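Coordinate inspection notes
One-letter residues, chain by chain:
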Amino acid sequence: YQYIKGYKYLDYLKMAGGYTRTSSKLGSYVIYPDGTASRVSYLNRSPEVFDGSTIVIIEKKEYTPFNITEYVSNFTTIYSNLSQAYLMIILAGRQ
């Protein structure tokens, strides 16, 4: 997009159509012509944009929500295997 004096990050974002479902709102940043960058954060929601700046919007990282059932199942399996190994060592030592 063409540089417009006085426009900030959010102005250019609106011109481009806004965020998508997969874009990270707080993981985005502006790279200035001198090579420095300004990250979008809670305190700095709309950094300044200068002529020659590049706005970078990154994608959200996918994550798997915590599943207590899977956690307990894995924990129980590990505990069971360790208990069996311990008992086998004790039984082998008795002979």
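If you're wondering where the values come from, they're calculated on a predicted model, not measured in any experiment.

Considerations on the sheet that holds strand 2 (residues 37-39)
- The sheet built from three strands is open, its strands ordered 2-1-3 with antiparallel pairing. Of all strands in the sheet, those bounded by a partner on one side alone are strand 2 and strand 3 (54-56). On average, adjacent strands in this sheet sit at an angle of 20 degrees to one another, irrespective of strand direction.
- The sheet contact formed by strand 1 (residues 29-31) and strand 2 spans three bridges and is antiparallel. Across the sheet, residue Val 30 finds its bridge partner in strand 2, namely Ser 38.

A look at a nonpolar patch on the surface
- A contiguous nonpolar surface patch, about 720 Å² in accessible area, is contributed by Phe 66, Ile 68, Tyr 71, Val 72, Phe 75 and Tyr 79.
- For Ile 68, the position within the fold is in helix 2 (residues 68-94).

Let's talk about helix 1 (residues 9-16)
- Along helix 1, the residues classified as buried are Tyr 9, Tyr 12 and Leu 13. On an axial view of helix 1, the arc spanned by its buried residues comes to 105 degrees, and they lie on one face.
- Packed against the buried residues of helix 1 are strand 1 and strand 3.
- Just downstream of helix 1 lies Gly 17, where phi reads positive at about 110 degrees.

A few points about the nonpolar core
- Of all hydrophobic cores here, the largest spans seven residues; its members are Tyr 9, Tyr 12, Leu 13, Val 30, Tyr 32, Val 40 and Val 49.
- Sort the elements by how many residues they give to this core and helix 1 lands first, with three residues.
- Those residues in contact with Tyr 9 that sit more than four places away from it in its chain are Tyr 19, Ser 28, Val 30, Val 40, Arg 45, Ser 46, Pro 47, Val 49, Ile 55 and Ile 57.

Focus: the confidence of the model for the protein
- Per-residue pLDDT for the protein averages 89, and the proportion of residues at 70 or more is 98%.
- Across the protein, element-level confidence peaks in helix 2 with a mean pLDDT of 93 and bottoms out in strand 2 with 89.

Quick notes on the packing of aromatic side chains
- Summed over the entire model, instances satisfying the criterion amount to four aromatic pairs.
- Centroid distance Tyr 7 to Tyr 12: 5.6 Å. Interplanar angle 65 degrees. Geometry classified as edge-to-face.
- Among the residues examined, Tyr 7 registers a relative accessible area of 33% and is labelled partly exposed.
- Grouping aromatic residues by their ring pairs yields a cluster made of Phe 66, Tyr 71 and Phe 75.

Rules behind the numbers
- Residues numbered from 1 in each chain as written.
- Predicted model: local features only at pLDDT ≥ 70, side-chain atom pairs only at ≥ 80, totals over all residues.
- Heavy atoms only, no water.
- Pairing = 2+ DSSP bridges.
- Helix = DSSP H or I, 4+ residues; strand = E, 2+ residues; numbered from the N terminus.
- Axes fitted to C-alpha atoms, helices over the stretch in contact; angles between N-to-C directions.
- Patch = residues over 30% accessible without salt bridge, like charges linked within 9 Å, V, L, I, M, F, W, Y side chains within 5 Å.
- Areas by Shrake-Rupley, 256 points an atom, 1.4 Å probe, with all protein chains shown as cover.
- Salt bridge = Lys/Arg side-chain N within 4 Å of Asp/Glu carboxyl O.
- Buried < 20%, exposed > 50% of the residue type's maximum accessible area, 1.4 Å probe, protein only.
- Arc of directions from axis to C-beta.
- Contact = heavy atoms within 4.5 Å.
- Core = buried A, V, L, I, M, F, W, Y, C linked by side-chain atoms within 4.5 Å.
- pLDDT = per-residue confidence, 0-100.
- Phe/Tyr/Trp six-rings, centres within 6.5 Å; stacked < 30°, edge-to-face > 60°.

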